[in-house]
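So you can see what is in the structure, the chains are spelled out below.
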Amino acid sequence: MSDLLGLSMSFVTPIPLPEDTKYWAQKLAAQDESIAGNSLSRRTSINEEDMYSANTASPALSEIGRYPSLSLAERMAEVAGTAVTSEVVAKYPKGENQELGEELQNIFNTLQQCLQRRKRYMQASYQCAGDNPKDSDDWEIYPPPPGPDNVQEEFDVEKCTVPGPHENVFKLRDDGVYQIYANQEDADGNREGICEIPSIKEYFQDQEYILNIISDGPTKSFAFRRLRYLESKFNMYVLLNEYQEMADTKRVPHRDFYNVRKVDTHVHHSSCMNQKHLLRFIKAKMKKTPDDVVIFRDNRHLTLTEVFQSLNLTAYDLSIDTLDMHAHKDSFHRFDKFNLKYNPIGESRLREIFLKSDNFIKGRYLAELTKEVFSDLEASKYQNSEYRISVYGRSKDEWDKLAKWVVDNKLFSNNVRWLVQVPRLYNVYKKTGVVNSFEDCVKNIFEPLFEVTKDPTSHPELHIFLQRVIGFDSVDDESKTERRTYKKFPFPKQWSISLNPPYSYYLYYMYANMCSLNWFRKERGMNTFVLRPHAGEAGDTDHLTAAFLTAHSISHGILLRKVPALQYLYYLDQIGIAMSPLSNNALFLNYERNPFLTFFQRGLNVSLSTDDPLQFHFTKEPLIEEYSVAAQIWKLSSTDMCEIARNSCLQSGWELKLKKHWLGETCNAHGPAGNVIQKTNVPNIRLAYRYQTLMEERYMVLGSLWRSTGSEEDIAPSTELQESNVSLPSTSQNAVDAAIASMSAMALQAAPQGPSAAVSDGGVSRPATPVAHIEPLLLKSPKGGPSRLAPGVAEGTVLLDAPALPLIPGGHTFIPGAHLMAEKRAKRAAAEDMEEAVFDGL
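Just so you know, these numbers come straight off a predicted model, no measurement behind them. (Residues numbered from 1 in each chain as written. Predicted model: local features only at pLDDT ≥ 70, side-chain atom pairs only at ≥ 80, totals over all residues. Heavy atoms only, no water.)

As for the overall build of the protein chain
Applicable threshold: Secondary structure elements follow DSSP: runs of H or I no shorter than four residues count as helices, runs of E no shorter than two count as strands, and numbering proceeds from the N terminus. Using a 1.4 Å probe on the protein chains alone, a residue whose accessible area is under 20% of its type maximum counts as buried, one over 50% counts as exposed, and one in between counts as partly exposed. Throughout, a residue-residue contact means that at least one pair of heavy atoms, one from each residue, lies within 4.5 Å.
When its secondary structure is counted, the protein chain shows 30 helices and 19 strands. In the protein chain, which comprises 842 residues, the proportion classed as buried is 58%. Across the protein chain, every contact between residues at least 6 apart in sequence was considered, and the portion connecting residues at least 24 apart equals 73%.

Structural data, given as structure tokens:
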């Protein structure tokens, strides 16, 4: 009780501490002692000069060290005599219950295997950070981003450069996957290709392994408890730091939620406008150009006026209710009815005229409508969209038609990038005789891409269009029943039945062909693609497992709420999830049951997106509408919304130089080192908490693997920037000092540094690490004396300080909360002295 009383009293008079050294980002290293009595002994004395002697090349070193970090809740628990650190979770049971310890270790081993399998698939497909040539600093973006006047340069096809042919050749193998060969002789001789691609047998074996793991009882229980812990830990964090976050954001000039960059990471191009916009456009065309010949139907050409006369409608008759394109109650769990909502007034001919790029008027109306949407985005400046546009796989010329439509109509904007969605409609094409086997679909989708990569002059417009394409999506109704027709799935050449292949089959052949295509394009210095399919909206949870192996990120993912082990894996690898609660509310899941808030609190990498503004939204800014509804229903704070907006930018496929302009020069670094609050409006304390928590979980699961190998190749999630040349700290006391010093030095990286290779401080040379210019550090004297600048902070810097945990004087300056440990040790030492005195008296 006295310990708890002392703890409560220590919070009465807090002493100011700079934001970047708050306890959520700190590491209190432990001595290598046995975990006895549910308590860990902590080393609290630090030589200030040693702070900078540690290797600070990697900000993650201090976060994945051998010893656990202590959050406030953990420190409070330790004072009360019940340590709850992640190492205790992993190690303590071994001393008391060997069976429980082995079970935990088996769980960790299986989770390690799942993460390693995903990492292998990501590396084989070049979907990891640093794999895409467009992320280099010298990548040319045309048209270039607008300047300070926010004026976009008009696209001119003559200014585009088209490279010549390449000597490598490609060939479709019997297994339905394109392979790259050094020359035609190797291709004709069926020799081993250049690219290493997981076979379909390996893919299904890996998928089966993960399915077995996520259905294992102990693993599900463990993951469920860890997810609940993460959720509770975030709630505790908010209770303790909500006012501090508000204070941090209020000190940032100019920036707020409305003028931080945000990306609509999942929106379909055919429904990118709202109903009012489409209605105004249709009425304008009927009044201004009624004599346009727009369609060939019933063996004759029809003008716009004749089309509406056949429907017995005039411009005056049209209204939102007449269009009937909003997804009302009748669309819930009725994806077939939802698809019909794409037809204005229920007429497919109007959809063909206004919402198709390949029609009699060559998509002129849709191009004009798209330009108006682009204009709205450019006017808002801070909103960006990734529009999904369809390539069906019915014929090889679809790519050229789409590229010609984009280039001829100059549909280029700094606020827009494209994803190509491939509907899973093989069974429809087979019934109509368009294709003979699934291999025809593979050829129609991927052969033009390999041709333009080998020789861009063969498809110059397609080459230009692909520079603005981010990746691929796989779309259709996930709730359709998938029948296992074959015991062993055949290759695409043998898939000639009328039944549709399952989701996982589609995803493998998109992934496998993308592997070789990305290798070829990277070899040529062209931008590569990522796989970002719809997954987990409805149907079987197997879809999420297939996406876990093959996809860079996914859309929807609401079924993760039913699979805790898989949800935990998505968290550990920070797989991006573009969620659309308003879309789910109309189709599959009521808004109040949507797991978005739970996912966000637990730390999953989630963003908000609109999906189909034409069907689900009412305002001119559908993305802001999505955020506003979420904020009202779930009571999101400004910091929450800005963090979600930052997630959307990082998930997006924009070039890295633009992301740096949006988020800061070090946006690809982890944790607070990658944050610039003046650009993101996200306090560093929030990102420090997210990063520390993630590193604790990854260390708990992967720590045994790192200790056995002596390195941390999996320190960062598989698709993020990996920090190399980092070795695991040893058990020596010097390594403990290095871990503590590295954490303290990490806080000092917030200071603006010059271009020099190293910074000297008191004769100690520290490598100059490129970091964000975040809030500088101001060290307050614990006794209320004059402030002093932290070493490495430039003179004349604007100093910001704020109250935080009290500090212990002297050598403990850099360790927030160390006074708790000191108080406990002092009481323990006093008790021991008393016992010795009593013993001596006896």
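From this point, the discussion proceeds with the structure in view.
A short note on the nonpolar core
Put simply, the test is: Nonpolar core, defined: a set of buried Ala, Val, Leu, Ile, Met, Phe, Trp, Tyr and Cys residues in which side-chain atoms within 4.5 Å join the residues together.
Counting 172 residues, the largest nonpolar core has Phe354, Phe465, Phe472, Tyr568 and Tyr570 as the members making the most contacts within it. By residue number, the principal contributor to this core is helix H18 (residues 503-523), which donates 14 residues. Those residues in contact with Phe354 that lie beyond four places of it in its chain are Phe281, Ile282, Leu304, Phe308, Tyr365 and Leu366. Formed by ten residues, the second largest nonpolar core is a distinct cluster that contains Cys649, Trp654, Leu656 and Trp662.

Some details on the environment of Lys250
Within the secondary structure, Lys250 is located in helix H7 (residues 217-250). For Lys250, a relative accessible area of 67% gives the class exposed. The sequence separation of Lys250 and Asn681 amounts to 431 residues, and the corresponding C-alpha distance is 9.2 Å.

Comments concerning the sheet that holds strand S13 (residues 576-579)
Using the following cut-off: At least two DSSP bridges between two strands are required for those strands to pair.
Here we have four strands laid out as an open sheet, ordered S11-S12-S13-S14, and parallel in their pairing. Two strands bound the open sheet, and with one partner strand each, they are strand S11 (534-535) and strand S14 (606-608). Two elements, S13 and S14, share three bridges in a ladder whose sense is parallel. When the sheet's bridge partners are listed, Ile577 is paired in S14 with Val606.

Some thoughts on the layout of surface pockets
The rolling of a water-molecule-sized probe over the atoms marks out the regions of remaining empty space. Here is the rule we go by: Computed over the protein atoms alone on a 1 Å grid, cavities are sets of points where a 1.4 Å probe fits but cannot get out and pockets are open sets with protein on both sides within 12 Å along at least five of seven lines; a residue lines them when it has an atom within 4 Å of a point. Grid points are joined across faces, edges and corners, and a volume is the space filled by probe spheres set on the points. Just so you know the grouping, Ala, Val, Leu, Ile, Met, Phe, Trp, Tyr, Cys and Pro go in nonpolar, Asp, Glu, Lys and Arg go in charged, and all remaining residues, Gly too, go in polar.
A volume near 970 Å³ is recorded for the second largest pocket. Lining the second largest pocket we find 39 residues, and of these Arg351, Ser390, Tyr392, Gln421 and Pro423 sit closest to its centre. Counting only elements with at least two residues in the lining of the second largest pocket, the list comes to helix H11 (335-340), strand S7 (383-390), helix H14 (398-408) and strand S8 (416-423). Taken together, the residues of the lining of the second largest pocket sort by class into 14 nonpolar, ten polar and 15 charged.

A word on the pairing of strand S3 (residues 178-181)
Residues Tyr178 and Ile180 line one face of S3 and the alternating positions Gln179 and Tyr181 line the opposite face, and both faces are buried. Pairing analysis gives four bridges linking strand S2 (residues 169-172) to S3, with the strands arranged antiparallel. Within the sheet, the bridge partner assigned to Lys171 lies in S3 and is Gln179. The hairpin formed by S2 and S3 contains five residues between the paired strands, and Gly176 there has a positive phi angle of roughly 85 degrees.

With respect to the pairing of strand S6 (residues 300-303)
Pairing between strand S5 (residues 293-297) and S6: four bridges, direction antiparallel. Across the sheet, Val293 pairs through a bridge with Thr303, a residue of S6. A loop of two residues connects S5 with S6, the two strands running antiparallel in sequence, and Asp298 in this loop sits at a positive phi of about 60 degrees.

Re the packing of helix H25 (residues 638-651) against helix H26 (residues 656-663)
Axes are the key here: two packed helices are described by the angle between their axes and the distance separating the axes. Basically, it comes down to this: Orientation is described by lines fitted to C-alpha atoms, with helices fitted over the stretch in contact, and by angles between N-to-C directions that extend from 0 to 180 degrees. Oblique is the label for any angle not covered by the other classes, which are roughly parallel (under 35 degrees), roughly antiparallel (over 145) and roughly perpendicular (65 to 115). Helix crossings are classified by the rotation of the near helix relative to the far one: an anticlockwise turn of less than a right angle makes the crossing left-handed, while a clockwise turn makes it right-handed.
Contact geometry for H25 and H26: axes closest at 10 Å, N-to-C directions at 165 degrees. When the interaxial angle is binned, H25 and H26 end up roughly antiparallel. As H25 packs across H26, the resulting crossing turns out to be left-handed. Facing Arg646, Cys649 and Leu650 of H25, the residues of H26 in contact are Lys659, Trp662 and Leu663. When its residues are assigned to classes, the contact of H25 with H26 shows four nonpolar, no polar and two charged.

Observations regarding H26
Owing to its 3.6 residues per turn, the α-helix brings residues three or four apart onto one side. Within H26, six of the eight residues are buried, which leaves the element mostly enclosed by the surrounding structure. If you check which residues of H26 are buried, you get Leu656, Leu658, Lys659, Lys660, Trp662 and Leu663. Buried residues along H26 sit in contact with strand S4 (262-268), S7, S8, H25 and helix H27 (677-680). The positive-phi residue at the C-terminal boundary of H26 is Gly664, with phi of around 125 degrees.

Digging into the confidence of the model for the protein chain
Short version of the rule: Across the chain, each position has a pLDDT score giving the predictor's confidence in that residue, from 0 to 100.
Here the protein chain averages 78 in pLDDT, while 74% of its residues score no lower than 70. In the model, residues 1-99 has pLDDT below 50 throughout and makes 265 contacts with residues more than four positions away in sequence or in other chains. Scored below 50 in pLDDT, residues 724-820 makes 221 contacts in the model with residues more than four places away or belonging to other chains.

Brief notes about the pattern of salt bridges
How we decide: Within this document, salt bridges are pairs made up of a side-chain nitrogen of Lys or Arg and a carboxyl oxygen of Asp or Glu, the two lying within 4 Å of each other.
Summed over all chains, the structure comprises 36 salt bridges. Put simply, Glu245, Asp640, Glu643, Arg686 and Arg690 are held in one network by salt bridges that share partners.

Observations regarding the environment of Val406
Looking at the element boundaries, Val406 is found in helix H14. Residue classification places Val406 among the buried positions, given a relative accessible area of 0%. Along the backbone, Val406 and Leu462 are 56 residues apart, and their C-alpha atoms lie at a distance of 9.3 Å. Contacts of Val406, omitting those with residues within four sequence positions, involve Leu411, Phe412 and Phe465.

Topic: a negative patch on the surface
Stated precisely, the cut-off is as follows: Patches here: salt-bridge-free residues with over 30% relative accessible area, like charges joined within 9 Å, nonpolar side chains (Val, Leu, Ile, Met, Phe, Trp, Tyr) joined within 5 Å. Accessible areas in this description were obtained via Shrake-Rupley with a 1.4 Å probe; residue shielding takes into account the shown protein chains only. Counted as positive: Lys and Arg. Counted as negative: Asp and Glu. His and the chain ends are not counted at all. Just so you know, the charge point we use is NZ for Lys, CZ for Arg, CG for Asp and CD for Glu.
Side chains of Glu832, Asp833, Glu835 and Glu836 sit close together on the surface and give a patch of like negative charge. By the element assignment, Glu832 lies in helix H30 (residues 818-841).

A few points about the sheet that holds S8
Sheet architecture is open: five strands sit in the order S4-S7-S8-S9-S10, paired in parallel fashion. One side of each edge strand has no neighbouring strand; the edge strands of this open sheet are S4 and strand S10 (530-531). Across two bridges, the pairing between strand S9 (residues 469-475) and S10 is parallel. Within the sheet, the bridge partner assigned to Phe472 lies in S10 and is Leu531. Here H18 sits on the sheet and contacts S8, S9 and S10; the angle it forms with S9, its principal contact strand, is near 160 degrees.

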